[in-house]
Amino acid sequence: MLNTVNKYESRTRNHELRILGIHLSLARALEELGAKVLNLNPPPGELLDLSHHPNVQGFNPDLVIQQENLGPRTLLLGLEHFSCPKIFWSIDTHLNSFWHKFYGRNFDLVLTTQKGWVEKLQVLGLEKVKWLPWFGIKKEWKDFSKRKYDLSFVGRVTAHRPARKWLVEFLRQEFKAHIAQNIEFTRMLDIYRQTKLAPNEAIAGEVNFRTFEAASCGALVLNQDLGDEITPLFIPGKETLVFEHVLELRELIKFYLCHQTHAETIARAGWERIQNNHLAIHRAQKLLHYAKGISPKAQSEQQAFKNIVLSLFFLWQNQALALDKKDLIDLFLKLPIDPEVLRGLIELHAQDEKKTKSFLIPILEQKQYDFHLGLNLACSFAALKHNDLPLARQFWHRYLLSNGRKLKPASTPLQLSLFWAKELTRKGEIFRIGLRFNPRNMLPRSALECLIYAEYLGPQNKEVLNEILNLIQNQKGQEPLLLQIQSHLSLIEPENWRLGLDLALTNLKAFRLGQGLEELLLAFETAQKMNKADVFLRRLKKKDATVKSFFVQLLQQIKKQGLAP
């Protein structure tokens, strides 16, 4: 091991480092730093045996780096045959951690573009994780006086991104913004170089490509307030602007369109930050710094293959992989049985009652892995799927007993689902962001999925909806689901002005300006009827002082016009 590290450091000093890259966007920057890079760009959506790839034979890399490619994923086989350090750069961690946590086991280091996901991935079981953000592009500065568009947004608008759709509608209606989608990368950059203000939207509270691309082109980027994710990259108020909801966004846009000299100053500072700190060369330098501290781990072919099969399973389950279910089962059957493998097989056979019970009964009788949360969870819900509550309860009970816990009798499937949700919450397994869970053909693996399953069993159950609400209310990117639940609960409890207030604020965070203000006025009117107007305003101020200030002005305007709120 020491010889490997010494060899790495020696080649780094002598500018002879040999890097094998897969879809590596930093390849050219690494070459500028003196490395010899063989960068493979295999077709997306395939299993690639790196150890037998003809271009790799005789290359003898000192470092292997795979960058996650978006769209159909490429998974690597044969990594265990390379004695050098191996790095996986997770680009969309915020949407793909549910399979990255298995695939990342085959690497010595996992890098993530999202700072907050370093600790999360470690909690998910990956030993060594570091932060490597995305990067910008070297571009010349262009003065605002030469730019064509006051406001632009570039990005695909689909049914899967309701918050983005609402943002685009808002920008069009309020500011007649220039909107573009489904265009080539170079055309996107051209638009940003013609743009003064570039509002941004993130699907799950992440720092996305648009942050770097728009700033690289000198546009003033208005980001959602991502806290510690954005502040190490750009200084809010000096190099970028941040907003909490659509009211703040509207005021920022109005102000900086009227004060374009000030806007240009901030935009230029953001552009300079890109040129000085956030180019490909800076990321390449950081990557090599991380690589120096890696000690390659020994891994058996069997361990590596299991991680591949589990990754394939979750990609297939999320409809991101074209693979026949029977072929996937055959892959699982090649693995030695352990709780993870057994759990996968149960989920794959969950639709077949006879096959399901051929797994569940022996597990009970032989007391296999009775302590294991995930396996007992899968078995319990597999039994529930076939309406066998007594069998489902047995897996709940044996899990509790084996972990020294008191029995909690579950008299209904709904109650049992809630019990599992609470246990998973206690264990920190809250949700799998990015995975489209379908209770009709999937078994839950997170607290949120248990609650969605419970809602599937008992639609519009108030207790279940409140549990979901408590689970997701502080999770960025969950606003569309939050809106659905809050809207339904407000119909059940029309006199609950507190719920109406929360619904209004969620609408504002989801870029629904008109709906948010309507709900705010409705909630205030309800509170007023109950002589709680002052309590309403105090609560609103505590939740968001900016919204409260705006709302008081709105009430004054309404009063002047002689209208009732």
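Residues numbered from 1 in each chain as written. Predicted model: local features only at pLDDT ≥ 70, side-chain atom pairs only at ≥ 80, totals over all residues. Heavy atoms only, no water.

For this particular structure, what's the right way to read the overall build of the protein?
Helix and strand content of the protein: 24 helices and 13 strands. Against the globule reference of 24 Å for 565 residues, the protein gives a C-alpha radius of gyration of 27 Å, in line with a compact fold. Along the first, second and third principal axes, the C-alpha atoms of the protein reach 75 × 70 × 35 Å. Expressed as a percentage of its 565 residues, the buried residues of the protein come to 55%. Put simply, 61% of the contacts in the protein that link residues at least 6 apart link residues at least 24 apart. Within the structure as shown, the protein displays about 25,800 Å² of accessible surface, and the carbon and sulfur contribution to it stands at 49%. When the 76 positive and 59 negative side-chain charges of the protein are each reduced to one mean point, those points stand 2 Å apart. (Helix = DSSP H or I, 4+ residues; strand = E, 2+ residues; numbered from the N terminus. Rg over C-alpha atoms; globule rule 2.2 N^0.38 Å. Buried < 20%, exposed > 50% of the residue type's maximum accessible area, 1.4 Å probe, protein only. Contact = heavy atoms within 4.5 Å. Areas by Shrake-Rupley, 256 points an atom, 1.4 Å probe, with all protein chains shown as cover. Lys, Arg positive; Asp, Glu negative; His and termini not counted. Charge placed at Lys NZ, Arg CZ, Asp CG, Glu CD.)

Would you take a moment to explain the packing of helix 20 (residues 479–492) against helix 21 (residues 497–509) for this structure?
Helix packing for two helices is described by the angle between their axes and how far apart those axes are. Remark: helix 20 packs on helix 21, axes separated minimally by 9 Å, with the N-to-C direction vectors making an angle of 155°. In terms of orientation, helix 20 lies roughly antiparallel with respect to helix 21. Relative to helix 21, the crossing made by helix 20 is left-handed. Touching Glu-479, Leu-482, Leu-483, Gln-486, Ser-487, Leu-489 and Ser-490 of helix 20 are Leu-499, Asp-502, Leu-503, Thr-506, Asn-507 and Lys-509, all from helix 21. Across the contact of helix 20 with helix 21, the residue classes break down as five nonpolar, five polar and three charged. (Axes fitted to C-alpha atoms, helices over the stretch in contact; angles between N-to-C directions. Parallel < 35°, antiparallel > 145°, perpendicular 65-115°, else oblique. Left-handed = near helix turned anticlockwise from the far one by under 90°. Nonpolar A, V, L, I, M, F, W, Y, C, P; charged D, E, K, R; others polar.)

Whenever I open this one, unusual backbone geometry confuses me. Can you help?
Among all residues save glycine, negative phi is the norm, and among peptide bonds the norm is trans. A positive phi angle, close to 70°, is found at Phe-511, a residue other than glycine. Structurally, Phe-511 is set in the loop between helix 21 and helix 22 (513–529). Although it is not a glycine, Asn-531 sits at a positive phi angle of roughly 60°. Turning to its location among the elements, Asn-531 is positioned in the loop between helix 22 and helix 23 (533–543). Residue classification places Asn-531 among the exposed residues on the basis of a relative accessible area of 73%.

Can you walk me through the pairing of strand 4 (residues 63–67) in this structure?
Of all the five residues making up strand 4, five are buried; the element is thus mostly covered by neighbouring parts of the structure. Taking every second residue as pointing to the same face, both faces of strand 4 are buried, with Leu-63, Ile-65 and Gln-67 on one and Val-64 and Gln-66 on the other. Examined bridge by bridge, strand 1 (residues 18–22) and strand 4 share four bridges and lie parallel to one another. Its bridge partner lying in strand 4, Leu-20 is registered against Val-64. As defined by bridge partners, strand 4 adjoins strand 6 (residues 86–90) across four bridges and the pair is classed as parallel. The residue of strand 6 that forms the bridge with Gln-66 is Phe-88. (Pairing = 2+ DSSP bridges.)

Sorry, what's going on with the environment of Leu-401 here?
Here Leu-401 shows up in helix 16 (residues 389–402). In the structure, Leu-401 is positioned 142 residues away from Lys-543 in sequence and 42 Å away in space, judged by C-alpha atoms.

So what exactly am I meant to see when it comes to the sheet that holds strand 12 (residues 220–224) here?
Each strand in a sheet pairs with its neighbour through backbone hydrogen bonds, running either in the same direction (parallel) or in the opposite one (antiparallel). Taking strand neighbours across the sheet as the criterion, the five strands line up as 10-9-11-12-13 in an open arrangement whose pairing is parallel. Unpaired on one side and paired on the other, strand 10 (178–180) and strand 13 (241–243) mark the two borders of the sheet. For this sheet, the mean angle separating the axes of adjacent strands, direction not counted, is 25°. In this structure, strand 9 (residues 149–154) lies alongside strand 11 (residues 195–199), joined through two bridges in parallel fashion. In the strand pairing of strand 11, Leu-151 is matched with Leu-197.

Can you help me understand the pattern of salt bridges in this one?
Where charged atoms of side chains with opposite charge meet at close range, the side chains can pair. In this structure the tally under the stated criterion is 23 salt bridges. Within the structure, one salt-bridge network assembled from shared partners comprises Arg-105, Lys-306, Asp-338 and Glu-340. (Salt bridge = Lys/Arg side-chain N within 4 Å of Asp/Glu carboxyl O.)

What should I look at first to understand helix 16 in this one?
Three- or four-residue spacings in an α-helix give side chains the same orientation, since the helix completes a turn every 3.6 residues. The first and last C-alpha atoms of helix 16 sit 20 Å apart over 14 residues, in line with the 20 Å expected at 1.5 Å per residue. Along helix 16, the positions that sit buried rather than exposed are Leu-389, Leu-391, Ala-392, Phe-395, Trp-396, Arg-398, Tyr-399 and Leu-400. On its buried face, helix 16 sits against helix 14 (353–365), helix 15 (373–385) and helix 17 (413–426). Two to three positions downstream of the cap, the backbone nitrogen of Leu-391 sits 3.1 Å from a side-chain oxygen, assigning the N-cap of helix 16 to Asp-388. (Expected span 1.5 Å × (residues − 1). Polar contact = N/O pair within 3.5 Å; in protein donor to acceptor, adjacent residues only side chain to side chain.)

What is the right way to read the confidence of the model for the protein from this model?
Any segment with low pLDDT has predicted coordinates that should not be analysed in fine detail. Of all residues in the protein, 97% attain a pLDDT of 70 or more, and the chain-wide mean is 93. Across residues 1–7 the pLDDT falls below 50, and counting only partners more than four positions away or on other chains, this stretch makes seven contacts in the model. (pLDDT = per-residue confidence, 0-100.)

Quick question: what am I supposed to make of the side chain of Glu-347 here?
Considering the arrangement of structural elements, one finds Glu-347 in helix 13 (residues 339–348). Engagement of the side chain of Glu-347 in a polar contact is seen with the side chain of Arg-445, the distance being 2.6 Å. Those residues in contact with Glu-347 that sit more than four places away from it in its chain are Phe-313, Gln-317, Leu-443 and Arg-445.

Any chance you could explain the layout of surface pockets here in plain terms?
With a probe scaled to a water molecule rolled over the atoms, the places where space remains empty come into view. Taken as a whole, the second largest pocket encloses approximately 980 Å³ of empty space. Taken together, 31 residues form the lining of the second largest pocket, with Lys-101, Val-123, Leu-124, Gly-428 and Glu-429 sitting closest to its centre. Broken down by class, the residue content of the lining of the second largest pocket amounts to 13 nonpolar, eight polar and ten charged. (1 Å grid on protein atoms, 1.4 Å probe; cavity = no way out; pocket = protein on both sides within 12 Å on 5 of 7 lines; lining within 4 Å. Points joined across faces, edges and corners; volume = space filled by probe spheres on them.)

Mind showing me how you'd approach the packing of aromatic side chains here?
How two aromatic rings sit relative to each other is given by the distance of their centres and the angle of their planes. In the structure shown here, the tally under the stated rule is 26 aromatic pairs. Pairing Phe-102 with Phe-314 gives two aromatic rings, centres 5.2 Å apart and planes at 10°, and the pair type is stacked. Here the residue Phe-102 occupies a position in helix 3 (residues 93–103), and Phe-314 occupies one in helix 11 (residues 301–317), the gap between them amounting to 212 residues. With respect to class, Phe-102 is no different from Phe-314; both count as buried. If you follow Arg-18 out to its NZ or CZ, it ends over the ring of Phe-59, 4.4 Å from the centre. Sitting over the face of the ring of Trp-141, Arg-147 holds its NZ or CZ atom 5.4 Å from the ring centroid. (Phe/Tyr/Trp six-rings, centres within 6.5 Å; stacked < 30°, edge-to-face > 60°. Lys NZ or Arg CZ within 6 Å of the ring centre and 35° of its normal.)

Teacher, can you tell me more about empty space enclosed by the protein here?
Taken as a whole, this structure holds three cavities of 30 Å³ or more when the rule is applied. Taken as a whole, the largest cavity spans an internal volume of roughly 40 Å³. Lining the largest cavity are Thr-211, Ala-215, Ala-219, Leu-220, Val-221, Phe-234, Glu-239, Thr-240, Ile-266, Ala-267, Gly-270 and Trp-271. Only helix 7 (209–216), strand 12 and helix 9 (260–277) provide two or more residues apiece to the lining of the largest cavity. The element that contributes the greatest number of residues to the lining of the largest cavity is helix 9, accounting for four residues.

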